[in-house]
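# Analysis of the macromolecular model
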Amino acid sequence: MKVSSPVPGTVALRRVSRWLLSILLATSVVACRPPEAGGGDASRTVSARVIDDSPRTGPATIEVEVLRDGERVAGASVRVTGDMTHAGMIPVVSDAVDLGDGRYRTESFAFTMAGDWILSVDVTYPDAVTRQVSVPLSVGR
Amino acid sequence: MIELPTAGDAGAQRPSHVRGASVGFDLLRIPGLRALVRWRYARLLFQIPLLVLALFVVADGLTGRQLAPRNVATTSVWLHYRGFVVLALAFVGNAFCASCPLMLTRGPTRWLKRVTGVERPWPRVLRSKWLVIVLLVAFLLSYEIFSLWSSPWLTAWLVIGYFGAALATDTLFPAGTFCRYVCPLGNFNFVLAHTSPSVIAALDHDVCARCETKPCLHGRVTDDASTRAQWEAAGLPVEGSRRASFVPLDEVVHPNGRGAFPGCETGLFVPTVTSTMDCTMCFNCVRACPYDNVALRVRAPWREAVRDAWGRRSWTAVTFMGILLLWWGLLNALAMIGPFFEVAAALSALLGSRSEALVLVALFALVSAVGLALTTLTFWLGDRLGGARAGPLRAVRRWGSVAVILAVGIWTAHYLFHFLTGALQIIPVFAHFFEYRGFAVDTNWRFGALVPSSWLFFIGAGIASLYGFAAAAAAAAIALRDFGARGVWAMWPVGLFAVAITVVTVLVMGQPMEMRGTLLGPAS
Ligand code: SF4
Ligand code: SF4
Ligand SMILES: [Cu+2]
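Residues numbered from 1 in each chain as written. Chains lettered and ligands numbered in written order. Predicted model: local features only at pLDDT ≥ 70, side-chain atom pairs only at ≥ 80, totals over all residues. Heavy atoms only, no water.

### So, the site of ligand 1
Rule in force here: Only a single heavy atom is needed: when it lies within 4 Å of a molecule or strand, its residue is near that molecule or strand. Each residue is assigned to one class: nonpolar for Ala, Val, Leu, Ile, Met, Phe, Trp, Tyr, Cys and Pro, charged for Asp, Glu, Lys and Arg, and polar for all the others, Gly among them.
Taken together, 13 residues lie near ligand 1, and Cys208(B), Cys211(B), Pro215(B), Cys216(B) and Cys289(B) sit nearest. For the shell around ligand 1, the residue count by class is 11 nonpolar, 1 polar and 1 charged.

### A few points about unusual backbone geometry
Residue and element names in this part refer to chain B. Just so we agree on the cut-off: The helix count covers DSSP runs of H or I at least four residues long, the strand count covers runs of E at least two residues long, and both are numbered beginning at the N terminus. The classification of residues rests on relative accessible area computed with a 1.4 Å probe and restricted to protein chains. Under 20% of the type maximum is buried, over 50% is exposed, and intermediate values are partly exposed.
You will see that Ser147, though not glycine, has its phi angle at about 45°, which is positive. Along the polypeptide, Ser147 turns up in the loop between helix 7 (130-145) and helix 8 (152-172). Phi at Lys214 is positive, roughly 50°, even though this residue is not glycine. Looking at the element boundaries, Lys214 is found in the loop between helix 11 (205-210) and helix 12 (215-218). Given the relative accessible area of 2%, Lys214 is considered buried.

### So, the packing of helix 18 (residues 338-351) of chain B against helix 19 (residues 356-386) of chain B
All names here are of chain B. Here is the rule: The axes used here are C-alpha line fits, helices contributing only the stretch in contact, and every angle between their N-to-C directions lies in the interval 0 to 180 degrees. An angle counts as roughly parallel when it lies under 35 degrees, as roughly antiparallel when it exceeds 145, as roughly perpendicular when it falls between 65 and 115, and as oblique in every other case. Contacts are residue-level and defined by heavy atoms, with any inter-residue pair within 4.5 Å sufficient.
Two elements in contact, helix 18 and helix 19, have axes separated by 10 Å at closest approach and are oriented at 105°. On the basis of their axis angle, the class for helix 18 and helix 19 is roughly perpendicular. Contact residues: Phe340, Val343, Ala344, Leu347, Ser348 and Leu351 in helix 18; Leu358, Val359, Leu360, Ala362 and Leu363 in helix 19. Residues belonging to the contact of helix 18 with helix 19 are distributed by class as follows: 10 nonpolar, 1 polar and no charged.

### Brief notes about the environment of Val182(B)
Residue and element names in this part refer to chain B. You can see Val182 is positioned in helix 9 (residues 177-182). When the C-alpha atoms of Val182 and Leu136 are compared, they prove to be 9.2 Å apart, with 46 residues separating the residues in sequence. Contact partners of Val182, with chain neighbours within four places excluded, come to Trp122, Val132, Leu135, Thr169, Thr177 and Asn187.

### Some points on the site of ligand 2
Taken together, Cys264(B), Thr266(B), Leu268(B), Cys279(B), Thr280(B), Met281(B), Cys282(B), Phe283(B), Asn284(B) and Cys285(B) are the residues near ligand 2. Taken together, the residues that form the shell around ligand 2 break down as 7 nonpolar, 3 polar and no charged.

### Remarks on the pattern of salt bridges
All names here are of chain B. Rule in force here: Salt-bridge detection follows one rule: a side-chain nitrogen of Lys or Arg within 4 Å of a carboxyl oxygen of Asp or Glu.
Overall, the coordinates contain 22 salt bridges over all chains when judged by the stated rule. Its salt-bridge partner being Arg437, residue Asp60 comes within 3.0 Å of it at the nearest N-O pair. Here Asp60, found in helix 3 (residues 42-63), pairs with Arg437, found in the loop between helix 21 (426-436) and helix 22 (453-483); they are 377 residues apart in sequence, far enough to count as distant. You can call Asp60 buried: its relative accessible area is 2%. The class of Arg437 is partly exposed, set by a relative accessible area of 29%. Across the salt bridge formed by Arg481 and Asp482, the nearest N and O atoms sit 2.6 Å from each other. With relative accessibility at 28%, the residue Asp482 sits in the partly exposed group. Several salt bridges share partner residues, and in doing so they unite Asp308, Asp383, Arg398, Arg481 and Asp482 into one network.

### What about the packing of aromatic side chains?
Here is the rule: A pair of Phe, Tyr and Trp rings is counted when the ring centres sit within 6.5 Å of each other, with Trp represented by its six-membered ring. The angle between the planes then sorts it: under 30 degrees is stacked, over 60 is edge-to-face, the rest tilted. Should the NZ of a Lys or the CZ of an Arg lie within 6 Å of a ring centre and within 35 degrees of the ring normal, that charge is described as sitting over the ring.
Following the criterion strictly, the structure yields 24 aromatic pairs over all chains and no others. For Arg44(A), the ring lying beneath its charged end belongs to Tyr125(A), and the centroid distance is 4.8 Å.

### Observations concerning the nonpolar core
Selection criterion: The term nonpolar core refers to a set of buried residues drawn from Ala, Val, Leu, Ile, Met, Phe, Trp, Tyr and Cys, joined through side-chain atoms within 4.5 Å. Domain start and end points were adopted from an automatic or database domain assignment.
With 136 residues, the main nonpolar core has Val64(A), Val78(A), Leu326(B), Trp328(B), Trp399(B) and Trp411(B) as its most contacted residues. Here the element with the most residues in this core is helix 20 (residues 392-422) of chain B; it accounts for 18 residues. Summarising the domain contributions, this core has at least three residues from each of domain 2 (42-195) and domain 3 (305-509) of chain B. Once you skip the residues sitting within four places of it in the chain, Trp411(B) turns out to touch Val86(B), Leu140(B), Phe188(B), Leu192(B), Leu325(B), Trp328(B), Gly329(B) and Asn332(B). Within the second largest apolar cluster, 23 residues are counted, among which are Ala98(B), Val286(B), Cys289(B) and Leu296(B).

### Quick look at the interface of chain A and chain B
Rule in force here: In protein, a polar contact means a hydrogen-donor-capable atom and an acceptor-capable atom, both N or O and within 3.5 Å, with residues adjacent in sequence counting only if both atoms are side-chain atoms; elsewhere, any N or O pair within 3.5 Å suffices.
Between chain A and chain B, the contact holds 30 residues from the first and 39 residues from the second. Inspection of the region where chain A meets chain B yields 1 salt bridge. With a shortest N-O distance of 3.0 Å, Asp83(A) and Arg70(B) are connected by a salt bridge. Counting every contact that joins chain A to chain B gives 2 residue pairs in polar contact (both at pLDDT 80 or more).

### Comments concerning the domain arrangement of chain B
Residue and element names in this part refer to chain B. Spelled out, the test is: Reported buried area values correspond to the accessible surface (1.4 Å probe) lost by two parts on association, with both partners' losses combined.
The domain architecture assigned to chain B consists of domain 1 (15-24 + 204-297), domain 2 (42-195) and domain 3 (305-509). Domain 1 puts 13 residues into the contact, and the matching count from domain 2 is 19 residues. Of the roughly 1300 Å² buried between domain 1 and domain 2, counting both surfaces, carbon and sulfur atoms make up 54%. Counting the surface domain 1 buries against domain 2, the share from its top three residues, Glu265, Thr280 and Met281, is 36%. Summed over the shared surface of domain 1 and domain 2, the number is 2 salt bridges.

### Some details on the pairing of strand 6 (residues 92-98) of chain A
Looking along a regular strand, one sees side chains alternate from face to face of the sheet. Residues and elements named next belong to chain A. Here is the rule: Should DSSP find at least two bridges between two strands, the strands are regarded as paired.
In the sheet, strand 5 (residues 77-84) pairs with strand 6 via 5 bridges, with the strands oriented antiparallel. Bridge pairing in strand 6 places Val80 opposite Ser94. Pairing between strand 6 and strand 7 (residues 103-105): 2 bridges, direction antiparallel. Opposite Asp98, over in strand 7, you have Tyr104 as the bridge partner.

### Focus on the confidence of the model for chain A
Residue and element names in this part refer to chain A. Rule in force here: pLDDT runs from 0 to 100 and stands for how confident the predictor is about each residue.
With 71% of its residues at a pLDDT of at least 70, chain A reaches an overall mean of 74. Averaged pLDDT values over the elements of chain A bottom out at 52 in helix 1 (residues 10-31) and peak at 90 in strand 7. Scored below 50 in pLDDT, residues 1-10 shows 4 contacts in the model against residues more than four places distant or in partner chains.

What follows is the structure, encoded as structure tokens:
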């Protein structure tokens, strides 16, 4: 069927708006919620905590526990990264030392500023499978 | 024949303080610059890179890693964009508006206008800066309430929203409405351009006086003289209520001959321009003027303040916008240090509410009200000491520039602080953009500060003091200008006000920074 067009350009307009609408719908599928990290199988878990209960600006020791099926796993490589929630802040990166029993501990980690931080722990299991967890953290003065 | 609207006789209208003023150095005399600016696609040349950046912002903001320091959206918008804006304003002028990618919606809006034929005049009640003031505070409030700086995703939506708003406004209303009456960013730039060292000016006012159709304002269509009737019958291009005029080819003295050249979209008329307010540095006027009579004049940063450019135009709303930006700038800087959170906690207890939004709205309302009252009182005191009997509104207009200069200092110091802290992070952030999407890029995060962090305080404090000094000097100049001998008395309240604000700013900058997205700590 042929659609007659009373005003030149209306067909084009309709076509463009349909096209725009579909782009909008497509983006809203990805964009209606901020993307989240994570996923993967639940058998491998990583937990991290700052030894000090109320972390402050300055050096901090962070302990990481690497588990698989509830068992601690030694021999993984663990990197701890601290990011502030404001752009332009240089991340603090520290490799954790293997304590031998499935626990890992950073040595030279330091919070450079008070405020909101995100601690990210990147773990590479001995079988090369990787995991990343992030924990929000509030650092005091 | 169509009656061409004209802006009257420019010679008769020329303000007294402009008459005889020499143009000084015209930046467009720099070799190649006039030719570049006159080129039809000059603006596009600067818009394209920013458009590409905006696409990166939206892509990474919506689909990238939601960590502010690792995302193109948050890094480029809250660090680089803001840093470059204040740098350009301090050293050149409103360069961001000049290259604003939002104005690339001009093509689509023109087309939509043609297809839908919906254009209507911008409502008369909105033809001032009051709406912009409301939108500005809404923007600054949502910046704090939603911690926009920490969310790539929201930052991307902000950019999308901006494009949508520009498109909608300039489709439904005359082109340029968005820049002049809606855009909070543009108006922020307009206010801070108060101390920019360049301004549009006419080279020779006599040429303007003889210029019949004022194309710099209305726009022009140029072709062979024989085609005039044809063009006029076809209805020359109309921008809002202004119809372009036909200028025959042999009258145009420079290479921009044939074609349609729009005039000033924000309604500025070159020979009467004394302020950068509303000038987007689009250089439409340079392209449209048939006599090559438009200059980009170098001026002293305090010239606009001392010449009373805003007061002469009775720009009350504009002046209030400047004063409010001073107080909001202080608040915005305060929000980055520890004591702010203690004040917020106290206010929360007082209000009996743990709603962040409520506490922030109350805080903004409080600071705006107290700030306005304090400023007005100081200005009025200055007027009294000078012997003026006019009301507080006249005082606000007289001294307003002093507050604006202080505002420029605070925003510049604050934005540069962030910029200098992490400017080079843009390199790893872009590398990470590709690494995150599976490209074999090795991101090196060690790039960071442009200057050693121990310098940051001194740079910030130096900038604030420089502008503080300029504000105090402007107060003295205004007092002596308006009150003669009594100016020696009148300058004190406002001068001390400038000193006090500067001291507070420097103190704020001296505090250790604390960046929190959560205003109130966990309930105890
Ligand atoms: S700047 Fe050019 S177009 Fe505008 S009034 Fe003067 S001569 Fe005419
Ligand atoms: S046309 Fe208007 S906004 Fe554009 S540069 Fe000239 S005076 Fe400024
Ligand atoms: Cu800040």
